[in-house]
Amino acid sequence: MSRTSMQDARTTCPYCGVGCGVRAEMQQGRIVGVEGDTEHPANHGRLCVKGSALHETLGKQGRLTRPRLDGVEVDWATALDAVAGRLAETQSEHGPEALAGYLSGQLLTEDYYVANKLFKGFLGTPHLDTNSRLCMASAVAAYKRSLGADAVPCNYEDLEDAELVVLAGSNLAWNHPVLFQRLRVAKTRNPLLRVVVIDPRITDTCELADLYLGVRPGSDARLFTGLLAWMAERGKLDRVYLERHTRGLEETLAEARQDDASVEAIAADCDVDPERLETFFYWFASQLHVVTLYSQGINQSSSGTDKCQAIINCHLAGGKIGLPGAGPFSITGQPNAMGGREVGGLANQLAAHMDYHSPGALERVTRFWSTDSLVPRLPKGPGHKAVALFEAIERGEIRAVWIMATNPTVSLPEAHRVRAALARCPLVIVSECMADTDLLEVADIVLPASGWSEKDGTVTNSERRISRQRGLMAPPGEARHDWWIISEVARRLGFGEAFDYGHPADIFVEHARLSGFENEGDGRRCFDISALAGLDRQGYDALTPIQWPVTRQAPQGTPRLFEDGHFATSDGRARLVPVSPRGPVQALGEHRRFRLNTGRVRDQWHTMTRTARAPRLMNHRSEPFIEVHPEDARELGLADQGLARLEGEDGDYRGRVRISPAQRRGELFVPIHWSDRFSTSALAGALLASHVDPLSGQPESKHGAVALATLPSAWEATLVVAADLDVGAQVRRETGYWARIPMAHAERWQLAGAPAAAERDWLAWLAETLPVAVSLWCDDPADGRLRAAGIEVGRLRWWLMVGPPAELPGLAWLDERFAEAAEGIALEAGQRRRILAACEDGAADDGPLVCSCHQVGQGAITSAIREGDTSVEALGARLACGTQCGSCIPELKSLIEEERAHASHPIPDVEPA
Ligand SMILES: Nc1nc2c(c(=O)[nH]1)N[C@H]1C(S)=C(S)[C@@H](COP(=O)(O)OP(=O)(O)OC[C@H]3O[C@@H](n4cnc5c(=O)[nH]c(N)nc54)[C@H](O)[C@@H]3O)O[C@H]1N2
Ligand SMILES: Nc1nc2c(c(=O)[nH]1)N[C@H]1C(S)=C(S)[C@@H](COP(=O)(O)OP(=O)(O)OC[C@H]3O[C@@H](n4cnc5c(=O)[nH]c(N)nc54)[C@H](O)[C@@H]3O)O[C@H]1N2
Ligand code: SF4
Ligand SMILES: [Mo]
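Sequence order as written defines residue numbering, which begins from 1 separately in each chain. For naming, the first written chain is A and the first written ligand is 1, with later ones following in the order written. Local features in this predicted model are restricted to residues whose pLDDT is 70 or higher, and side-chain atom pairs enter the listing and the counts only when it is 80 or higher, whereas totals over whole chains, interfaces and linings include all residues. No hydrogens and no water enter the side-chain calculation; it runs on all heavy atoms of the structure.

Visitor: Sorry if this is basic, but what is going on with the sheet that holds strand β29 (residues 715-722) here?
Guide: Sheet strands line up and pair through hydrogen bonds in the backbone, either parallel or antiparallel. The pairing criterion for strands is at least two bridges between them, as found by DSSP. The way it works is that DSSP assigns letters per residue, a run of H or I at least four long becomes a helix, a run of E at least two long becomes a strand, and they are numbered from the N terminus. One open sheet accounts for six strands, arranged β30-β31-β29-β34-β33-β32; its pairing is antiparallel. Each edge of the sheet is formed by a strand with only one pairing partner; in this case those strands are β30 (737-742) and β32 (776-780). On average, each strand axis in the sheet is tilted by 10° relative to the strand beside it, whichever way the strands run. Bridge count for strand β33 (residues 785-792) against strand β34 (residues 795-802) is seven bridges, and the pairing is antiparallel. In the strand pairing of β34, E792 is matched with R795. Any pair of residues with heavy atoms lying within 4.5 Å of one another is described as a contacting pair. To obtain each axis, a line is fitted to C-alpha atoms, and for helices this fit is confined to the stretch in contact; angles are then taken between N-to-C directions over 0 to 180 degrees. Contacting β29, β31 (746-753), β32, β33 and β34, helix α25 (residues 762-769) crosses the sheet at an angle of about 140° to β34.

Here it is, written out as structure tokens:
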């Protein structure tokens with residue numbers, strides 16, 4: 001491929017809040033490759049493994065391409081008429097408050113703006129919320145309460161300018177990998193930069209930690225109020241800063257001193273070593289340039305707002321804010337969680353950083369949205385926040401809901417209850433890109449949306465930087481842009497004049513105008529991008545990444561906020577707010593005695609609708625799992641890689657046991673990614689009760705209470721089938737356990753059966769499940785092991801192994817045979833003989849995948865280490881592992897450590913200190 005034959009295009013990654021710039025390589029209107037945009041200030045050319053696999057997740061297969069109405073495919077006109085007709089009918093029969101919208105931080109700002117305007121402004125319902133409620137709501141509430149606006153003060157360069165970076169409740173290495181790489185480089189350049197990690201789990205993020213605090217879950221508020229009291233005790237407060245720029249110190253300190261402020265007492269409450277805790281306190285207090293970066297380990301709590309506040313209090317008290325390398329930095333999760341907050345997509349917001357209670361806001365927004373003939377009818381006060389919104393659906397108060405770009409049947413706590421509520425709701429409209437999700441099962445109207453690489457608009461990353469996502473390819477079939485779908489419905493409802501948009505640029509400009517509308521004087525709104533309101537379509541298309549506010553005074557944007565110590569509160573002073581630490585509401589009991597932690601894995605994104613399409617991203621963690629401390633596993637008789645079952649608030653969870661000393665005793669970790677599309681029963685949300693933070697409404701998704709036991713199984717099997725053979729329905733009937741794992745050219749199913757009275761008749765089962773008969777067969781009746789394959793006109797169609805998955809060979813060789821079969825190529829005699837073994841003669845199995853970018857397995861890495869490549873650099877030079885996105889470097893290091901520990905002859909320590 002010569003570069004000259006390609007035209008390349010710039011856009012932004014649609015995954016995490018780092019917001020990396022991407023250059024797409026185009027060929028004949030298709031994206032054939034991606035690389036990091038060296039000119040984008042968020043990533044300077046880097047991409048993580050998810051970002052660099054973006055082109056592998058595209059393509060028409062599996063996409064929604066036609067609207068569906070009550071289960072039947074229809075044309076757009078019919079679908080849009082039905083949406084508008086049924087919404088209008090519900091509204092006239094039951095009032096505007098019977099309508100709701102549930103949006104997502106994965107929508108573009110323009111989609112979000114139009115949806116917010118339609119629901120709040122014209123349908124007149126306040127019940128429009130977003131999945132950011134599950135993600136950023138507590139961070140938002142704390143920023144507003146203390147700084148006066150939902151305004152992240154910091155930027156990414158602050159991580160590089162800091163002397164101390166505190167990572168609280170953030171697994172940055174896996175979830176914001178490019179930022180983690182930046183921190184790694186910063187640490188190499190500045191050996192004095194220290195990193196502290198606060199997390200109950202030892203994660204890959206600890207690789208950069210100079211100090212690790214493995215706190216008791218939920219104890220962060222105690223830790224930070226303790227820090228404040230400690231600082232006050234030792235004269236470490238910045239009295240001048242506090243005096244000039246803040247209020248609330250005395251009450252806040254008094255509250256912090258309510259609990260025993262001795263290091264020993266705080267350490268005992270947080271269950272950490274007192275010396276380590278004091279070291280952290282000392283470091284924090286003695287450095288000015290401190291960034292505390294916090295995420296879901298802080299936010300997803302029934303006291304999340306207070307936890308964020310406790311962190312902000314410490315920063316204000318030490319004057320560690322509004323400076324290079326200093327500040328409380330809430331890192332956003334989704335690509336456009338920030339953009340959604342800007343347009344006012346949360347139910348307690350109105351629009352453009354105006355709340356219902358902001359003086360004059362209702363009237364101002366009404367005036368702004370009014371056209372010659374239309375006066376919007378805005379609701380008078382805030383609506384239901386996500387959890388309450390679905391409870392109102394359950395009660396039958398909300399009778400029509402439009403869900404866009406999120407899947408509440410997976411991501412909300414009490415997921416089954418949410419599903420049942422939606423199943424009973426008279427009208428469920430879903431805008432979605434993919435054809436097969438759990439949510440679509442309960443949808444009445446399904447609208448096919450365009451996705452990344454097809455849609456045009458803007459997103460805002462964690463550091464307030466607005467970047468363009470660009471439409472580079474045509475959407476498949478009849479998929480349409482979200483903003484277009486919403487505007488078409490608005491037009492049919494009679495609001496055509498207010499929704500007369502021809503292009504996302506028109507919407508962006510209106511949004512920019514609203515941000516600056518009557519935005520001056522004392523009550524100035526922080527979010528102001530009015531200097532972009534003059535962009536024409538060309539200017540919009542050429543927009544380069546820029547940080548808000550973007551105003552006449554700051555036309556090039558604003559890298560850092562509050563540098564002058566003037567905050568967005570009515571009197572310009574930031575507020576310290578008293579925090580009284582509270583534990584999780586979900587309580588352990590005699591039966592449900594394990595503390596459940598839930599979160600993310602490196603290579604998957606949320607419900608896997610996109611990342612599972614790139615087979616190499618399925619290799620790092622292929623099945624749902626439960627991480628258990630070795631002692632707990634021993635006590636319960638759990639084997640590593642065996643199956644276990646959790647029982648929680650609203651259902652059970654089945655997955656593979658991963659015994660891990662990184663867990664604290666009595667605590668478990670499960671990933672959030674697996675839905676009913678991918679496994680028997682692995683919804684993290686079903687294990688959790690829906691307790692929320694009283695202020696922010698964010699659910700307590702990190703602190704469930706569950707029972708743990710082995711999942712007894714009589715047999716385990718691996719079935720690999722050609723991509724065009726659909727065995728799903730049949731295999732899903734296996735009640736014990738199943739997991740579906742897409743491969744490049746085939747699909748793998750891991751199966752396990754509940755102990756059955758009779759021996760299983762595999763021949764009969766195969767005949768029932770597969771359309772192609774058995775061609776090869778080899779079994780050992782003594783131990784029940786079995787291998788079989790189906791070959792049709794010389795082409796491999798399926799492959800089965802009954803036996804422990806530990807005996808599974810690497811499947812790359814088989815996958816190649818499936819690839820050939822799909823092209824009609826028959827097996828050679830030698831290959832046919834090796835099918836049951838699933839490898840070439842004498843070929844070694846490469847073990848679990850470590851480096852996803854270069855597809856390097858553990859086997860090759862350990863051999864290289866044994867042969868003397870005992871540094872990450874040496875491994876990279878030989879195998880290329882760790883040289884692209886770098887997210888496997890922590891795993892490479894631990895493999896080197898492991899080999900060192902187990903080596904019979906010492907392996908020299910050549911790692912840089
Ligand atoms: N690979 C990948 N990256 C992602 C995503 C993804 O799905 N996959 N999603 C994106 C989104 S939307 C988000 S919001 C971010 C989330 O990014 P993170 O917040 O980093 O992700 P999580 O894994 O949910 O949780 C972070 C850590 O909180 C810890 N934790 C749990 N309880 C406590 C506690 O009580 N105290 C403290 N201090 N820590 C605790 C967990 O052990 C976990 O390691 O990731 C973004 N990036
Ligand atoms: N237990 C537990 N639960 C959690 C969390 C946790 O840590 N623990 N984390 C929470 C957090 S922070 C988050 S952000 C949520 C995420 O949870 P969700 O938002 O429910 O998960 P996604 O899979 O990202 O859902 C996005 C859906 O939109 C579709 N989609 C993608 N792009 C577009 C588009 O442009 N238009 C349309 N119309 N559809 C699109 C995707 O195919 C997908 O089905 O989960 C939350 N739930
Ligand atoms: S860190 Fe990875 S997932 Fe996040 S924006 Fe960058 S490339 Fe995308
Ligand atoms: Mo999130």
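Read on for the rest.
Visitor: Would you take a moment to explain the pattern of salt bridges for this structure?
Guide: Pairing between side chains of opposite charge can happen when their charged atoms approach one another. Should a side-chain nitrogen of Lys or Arg be within 4 Å of a carboxyl oxygen of Asp or Glu, the pair is scored as a salt bridge. In this structure the tally under the stated criterion is 72 salt bridges. For D81, the salt bridge goes to R492, with nearest N and O atoms at 2.7 Å. On the criterion of sequence distance, the pair formed by D81 in helix α2 (residues 76-94) and R492 in helix α20 (residues 482-495) is long-range, its members being 411 residues apart. Given a relative accessible area of 29%, R492 falls into the partly exposed group. With a closest N to O distance of 2.8 Å, E667 and R664 form a salt bridge. Considered together, E667 and R664 belong to a single accessibility category, that of buried residues. Categorising residues by exposure relies on relative accessible area from a 1.4 Å probe, with only protein chains included: less than 20% of the type maximum marks a residue as buried, more than 50% marks it as exposed, and the intermediate range marks it as partly exposed.

Visitor: What is the right way to look at the side chain of T90 in this model?
Guide: Locating T90 in the fold gives a position in helix α2. Excluding its chain neighbours within four sequence positions, the residues that come into contact with T90 are G95, A98, L99, R399 and A400.

Visitor: Would you take a moment to explain the packing of aromatic side chains for this structure?
Guide: Describing an aromatic ring pair means giving the distance of the ring centres and the angle of the ring planes. The aromatic pairing rule takes the rings of Phe, Tyr and Trp, using the six-membered ring of Trp, and pairs them if the centres are within 6.5 Å, calling planes under 30 degrees apart stacked, those over 60 edge-to-face and the rest tilted. For the coordinates displayed, the defined rule picks out 20 aromatic pairs. Here F224 and F280 contribute two aromatic rings whose centre-to-centre distance is 6.2 Å and whose plane-to-plane angle is 85°, an arrangement assigned as edge-to-face. Of this pair, F224 sits in helix α8 (residues 220-233) while F280 sits in helix α12 (residues 274-286), and the two are 56 residues apart along the sequence. Taking relative accessible area as the criterion, F224 reaches 1% and is therefore assigned buried. Of the residues examined, F280 reaches a relative accessible area of 0% and is grouped as buried. With centroids separated by 6.0 Å and ring planes inclined at 55°, the aromatic side chains of F280 and F281 adopt a geometry described as tilted. Clustering of aromatic rings is evident, with ring pairs tying together F224, W230, F280, F281 and F284. Two conditions define a charge sitting above a ring: the NZ of Lys or the CZ of Arg must be within 6 Å of the ring centre, and it must be within 35 degrees of the ring normal. Across the ring face of F499, the terminal group of K117 is positioned such that the distance to the ring centre comes to 5.0 Å. The side chain of R658 reaches across the aromatic face of F625, ending 5.6 Å from its centre.

Visitor: Any chance you could explain the site of ligand 1 here in plain terms?
Guide: A single heavy atom is enough: if one lies within 4 Å of a molecule or strand, its residue is considered near that molecule or strand. Contacts to ligand 1 come from 33 residues, most closely from D199, G218, S295, R600 and Q604. For ligand 1, a nitrogen atom lies 3.1 Å from a polar atom in the side chain of K50. Take N175: an N or O atom from its main chain is 2.8 Å from a nitrogen atom of ligand 1. Only the protein chains shown count as cover for residues, with accessible areas throughout obtained via the Shrake-Rupley method and a probe of 1.4 Å. Burial of ligand 1 by the surrounding chains reaches 100%, relative to a free accessible area of 910 Å². Within this scheme a cavity is a closed region of a 1 Å grid, computed over the protein atoms alone, that accommodates a 1.4 Å probe without allowing it to escape, whereas a pocket is open but has protein on both sides within 12 Å along at least five of seven lines; lining residues each have an atom within 4 Å of a point. More than half of a molecule's atoms within 2 Å of the grid points is what it takes for that molecule to sit in a cavity or pocket. More than half of the atoms of ligand 1 fall within 2 Å of the grid points belonging to the second largest cavity. Those elements giving two or more residues to the shell around ligand 1 turn out to be α6 (172-175), α13 (296-299) and β23 (594-599). Its residues placed into classes, the shell around ligand 1 shows eight nonpolar, 18 polar and seven charged. Each domain span listed reflects an automatic or database assignment of domains. Looking at which domains feed residues into the shell around ligand 1, each of domain 3 (137-330) and domain 4 (594-710) supplies at least three. Contacts described as polar in this section are N or O atom pairs within 3.5 Å, which, within protein, must combine one atom able to donate a hydrogen with one able to accept it, while residues neighboring in sequence count only if both atoms come from side chains. Three classes are used, and their members are as follows: Ala, Val, Leu, Ile, Met, Phe, Trp, Tyr, Cys and Pro are nonpolar, Asp, Glu, Lys and Arg are charged, and the others, Gly among them, are polar.

Visitor: Is there a simple way to think about unusual backbone geometry in this case?
Guide: Note on backbone geometry: most residues besides glycine have negative phi, and most peptide bonds are trans. Residues W548 and P549 are joined by a peptide bond in cis, for which omega reads -5°. Considering the arrangement of structural elements, one finds P549 in the loop between β21 (546-547) and β22 (574-575). Backbone geometry places D70, a non-glycine residue, at a positive phi of 45°. Following the sequence through the fold, D70 ends up in the loop between β4 (68-69) and β5 (72-73). Despite not being glycine, V793 shows a phi value in the positive range, around 35°. Tracing the backbone shows V793 in the loop between β33 and β34. When its relative accessible area of 71% is taken as the criterion, V793 is described as exposed.

Visitor: Where do I start with the sheet that holds strand β9 (residues 194-198) in this structure?
Guide: Read across the sheet, five strands follow the order β10-β9-β8-β12-β13 without closing on themselves; strand pairing throughout is parallel. In the strand order of this sheet, the two ends are held by β10 (211-213) and β13 (327-330), each with one partner. Averaged over all pairs of adjacent strands, the angle between strand axes in this sheet comes to 15°, irrespective of strand direction. With four bridges joining them, strand β12 (residues 290-294) and β13 adopt parallel strand pairing. Within the sheet, the bridge partner assigned to L293 lies in β13 and is F329.

Visitor: Sorry if this is basic, but what is going on with the site of ligand 3 here?
Guide: Near ligand 3 you find C13, Y15, C16, G19, C20, L47, C48, K50, G51, P177 and V178, and these make up its full shell. In the shell around ligand 3, the residues fall into eight nonpolar, two polar and one charged.

Visitor: Would you explain the environment of E394 in this entry?
Guide: With respect to the element layout, E394 can be found in helix α17 (residues 386-394). When the C-alpha atoms of E394 and M608 are compared, they prove to be 27 Å apart, with 214 residues separating the residues in sequence. Residues in contact with E394, not counting those within four places in the same chain, are R417, A421 and R424.

Visitor: I would appreciate a short explanation of the packing of helix α28 (residues 858-866) against helix α29 (residues 872-879) in the present structure.
Guide: Pairs of packed helices are described in terms of their axes, by the angle between the two and the distance that separates them. It is the contact of α28 with α29, at a shortest axis distance of 10 Å, that shows an interaxial angle of 120°. By the criterion of interaxial angle, the relationship of α28 to α29 is oblique. Regarding α28 and α29, the two cross each other, and that crossing is right-handed. On α29, the residues touching A860, I861, A864 and I865 of α28 are L875, R878 and L879. Residues of the contact of α28 with α29, tallied by class, amount to six nonpolar, no polar and one charged. Put simply, angles under 35 degrees are roughly parallel, angles over 145 are roughly antiparallel, angles from 65 to 115 are roughly perpendicular, and the rest are oblique. Two helices cross in a left-handed way if the nearer one is turned anticlockwise from the farther one by less than a right angle. They cross in a right-handed way if the turn is clockwise.

Visitor: Quick question: what am I supposed to make of the pairing of strand β19 (residues 457-460) here?
Guide: Each regular strand displays side chains that alternate between the two surfaces of the sheet. Alternating residues of β19 divide into G457 and V459 and T458 and T460, and every residue in both groups is buried. As defined by bridge partners, β19 adjoins strand β20 (residues 465-469) across four bridges and the pair is classed as antiparallel. Following the sheet pairing, V459 is matched in β20 by S467. Where β19 hands over to β20, the hairpin turn is made up of four residues, of which R464 adopts a positive phi near 65°.

Visitor: Just to check I follow, could you spell out the state of the cysteines for this structure?
Guide: What makes a disulfide is a covalent bond joining the sulfur atoms belonging to two cysteines. The disulfide definition used here is simple: a pair of cysteine sulfur atoms within 2.5 Å. Throughout the structure, instances matching the rule amount to zero disulfides. Sulfur of C270: no disulfide; nearest cysteine sulfur belongs to C314 and is 12 Å away. Here C853 is not disulfide-linked; the sulfur of C885 is the nearest cysteine sulfur, at 3.7 Å. Judged by its relative accessible area of 14%, C853 is buried.

Visitor: Help me understand the nonpolar core in this model?
Guide: Among soluble globular proteins, nonpolar side chains are generally buried collectively. Take the buried Ala, Val, Leu, Ile, Met, Phe, Trp, Tyr and Cys residues and link them wherever side-chain atoms come within 4.5 Å; each set so joined is a nonpolar core. Counting 144 residues, the largest nonpolar core has I198 and F280 as its most contacted members. Formed by 52 residues, the second largest nonpolar core is a distinct cluster that contains F119, A351, L374 and W483.

Visitor: What is the right way to read the confidence of the model for the chain from this model?
Guide: Segments scoring low in pLDDT should not have their predicted coordinates read at a detailed level. Within a predicted model, pLDDT stands for the predictor's per-residue confidence, ranging from 0 to 100. On average, residues of the chain score 94 in pLDDT, and 97% of them reach the 70 mark or higher. The model gives residues 1-6 a pLDDT under 50, and that stretch makes 11 contacts with residues more than four places away or in other chains. Confidence drops under pLDDT 50 across residues 905-913; counting only partners more than four residues distant or on other chains, this segment forms 17 contacts.

Visitor: Even after reading the chapter, I still don't get empty space enclosed by the protein, so can you show me in this structure?
Guide: The method is simple in principle: a probe with the dimensions of a water molecule rolls over the atoms, and the space it marks as empty is what remains. Grid points are joined across faces, edges and corners, and a volume is the space filled by probe spheres set on the points. In the structure shown here, the tally under the stated rule is eight cavities of 30 Å³ or more. By volume, the second largest cavity amounts to about 460 Å³. For the second largest cavity, the lining is made up of 33 residues, of which G169, N175, Q296, R600 and K702 are closest to its centre. Taken together, the elements giving at least two residues each to the lining of the second largest cavity come down to α6, α13 and β23. Here the lining of the second largest cavity gets three residues from one element, more than from any other, and that element is β23. Of the residues belonging to the lining of the second largest cavity, the class tally is nine nonpolar, 18 polar and six charged. Inspection of the lining of the second largest cavity shows a minimum of three residues originating in each of domain 3 (137-330) and domain 4 (594-710).

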